[in-house]
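Chain by chain, the residues run as shown.
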Amino acid sequence: FDFSPIMEGVRYVREDSRRWTAILVKAGVGLIGTNWVILPVLGERVFPLHLPGIDAKEAGTIGMSVLLGSRGAGAFMGSFVSAAAARAHSDGLRKYILLGMVLAGTGYLLLGNAPWQFGAYLSVMIAHAGGSIAWVSSTNLLQKVTEDKFRGRVFSAEYAFAMLTLASVNWIASLLIDSGFSAQRVAVFTGIAQLLPALLWFVVLRSSPTSSAPAAARP
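Residues numbered from 1 in each chain as written. Predicted model: local features only at pLDDT ≥ 70, side-chain atom pairs only at ≥ 80, totals over all residues. Heavy atoms only, no water.

Asks: Please clarify how a nonpolar patch on the surface should be interpreted in this entry.
Replies: A cluster of nonpolar side chains, namely Phe 76, Met 77 and Phe 80, defines an oily patch on the protein surface of about 350 Å² accessible area. Mapped onto the secondary structure, Met 77 falls in helix H5 (residues 56-85). (Patch = residues over 30% accessible without salt bridge, like charges linked within 9 Å, V, L, I, M, F, W, Y side chains within 5 Å. Areas by Shrake-Rupley, 256 points an atom, 1.4 Å probe, with all protein chains shown as cover. Salt bridge = Lys/Arg side-chain N within 4 Å of Asp/Glu carboxyl O. Helix = DSSP H or I, 4+ residues; strand = E, 2+ residues; numbered from the N terminus.)

And the structure:
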């Protein structure tokens, strides 16, 4: 495997704090990647959807399907906000990222305490609308602060960090559930974990002066 493009991207972003913070956004949003473990378990064990003429096993399958569909619906709704974010300048995009992270964390906190199916569906939609907003906004921001000739290497590094986070949190979520933690509790842990990068991003917003993209990267 040739990891040199990833390492070149990392070396490049280290030269500018704006790039370094932007490249880690998807890794931060990747904390809600626990949904690949949480949602199937919740659908089967906690929120099966019982409909006339179906047995308990089918109800669990439908419950999983609706929760996963809610994730997609949330991401779709978030895309409309992301479209507005795409027209924003760099400082505006940073605020959209904060909004997305807060919604993602709040959604999973609500999911961990949802008392009924529709509350769970709404919580998942809120969380993944936020994830969509932060994901797309970070892509646009990184494009604005990266010179054209480095973009391929920078995005290689960005996705490497994001996929590492996704793999790690799914492994941890699986271990927690196998050790006896409920899926609802793991959802709460996910929400709390997601709010930590939101807090760090808020600090970045407060401490970073308004700045424009390098001339080679301006749209």
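On we go from here.
Asks: Hey, could you run me through the packing of helix H1 (residues 4-13) against helix H8 (residues 151-178) in this one?
Replies: A packed helix pair is summarised by two numbers, namely the angle formed by the two axes and the spacing between the axes. Packing of H1 against H8 brings their axes to within 7 Å, and their N-to-C directions diverge by 100 degrees. Between H1 and H8, the crossing angle belongs to the class labelled roughly perpendicular. The residues of H8 that touch H1, namely those facing Pro 5, Ile 6, Glu 8, Gly 9, Val 10, Tyr 12 and Val 13, are Arg 153, Val 154, Ser 156, Ala 157, Ala 160 and Phe 161. Split into classes, the residues belonging to the contact of H1 with H8 amount to 9 nonpolar, 2 polar and 2 charged. (Axes fitted to C-alpha atoms, helices over the stretch in contact; angles between N-to-C directions. Parallel < 35°, antiparallel > 145°, perpendicular 65-115°, else oblique. Contact = heavy atoms within 4.5 Å. Nonpolar A, V, L, I, M, F, W, Y, C, P; charged D, E, K, R; others polar.)

Asks: Would you mind going over H1 with me for this structure?
Replies: Residues that lie three or four places apart on an α-helix share one face, since the helix turns once every 3.6 residues. Gly 9, Val 10, Tyr 12 and Val 13 are the residues of H1 that are buried. Around the axis of H1, the buried residues are gathered within 165 degrees of arc, so they sit on the same side. If you follow the buried residues of H1, they end up packed against helix H2 (17-23) and H8. (Buried < 20%, exposed > 50% of the residue type's maximum accessible area, 1.4 Å probe, protein only. Arc of directions from axis to C-beta.)

Asks: What is the right way to look at the packing of aromatic side chains in this model?
Replies: Remark: the centre distance and the inter-plane angle together describe each pair of aromatic rings, the angle taken between the planes. This structure, assessed with the given rule, holds 7 aromatic pairs. With a centroid separation of 4.0 Å and 15 degrees between ring planes, the pair formed by Tyr 12 and Phe 150 is classed as stacked. Of the two residues, Tyr 12 is situated in helix H1 and Phe 150 in the loop between helix H7 (117-144) and H8; the sequence distance between them amounts to 138 residues. With a centroid separation of 5.1 Å and 85 degrees between ring planes, the pair formed by Phe 76 and Phe 80 is classed as edge-to-face. Residue Phe 76 and its partner Phe 80 are located together in helix H5, separated by 4 residues, close to a single helical turn. Both residues of the pair, Phe 76 and Phe 80, belong to the exposed class. Ring pairs connect the aromatic residues Trp 116, Phe 118 and Tyr 121, which therefore count as one cluster. The residue whose ring lies beneath Lys 26 is Trp 135, and the NZ or CZ to ring-centre distance is 5.2 Å. One Lys or Arg, Arg 71, reaches over the ring of Trp 36 and ends 4.2 Å from the middle of that ring. (Phe/Tyr/Trp six-rings, centres within 6.5 Å; stacked < 30°, edge-to-face > 60°. Lys NZ or Arg CZ within 6 Å of the ring centre and 35° of its normal.)

Asks: When you look at the nonpolar core in this model, what are you seeing that I'm missing?
Replies: For soluble globular proteins, nonpolar side chains are generally found buried alongside one another. One finds Ile 38, Met 101 and Leu 111 to be the most contacted residues of the largest nonpolar core, which totals 43 residues. Those residues in contact with Met 101 that sit more than four places away from it in its chain are Val 25, Val 29, Gly 130, Ala 134, Gln 194, Leu 195, Pro 197, Ala 198 and Trp 201. (Core = buried A, V, L, I, M, F, W, Y, C linked by side-chain atoms within 4.5 Å.)

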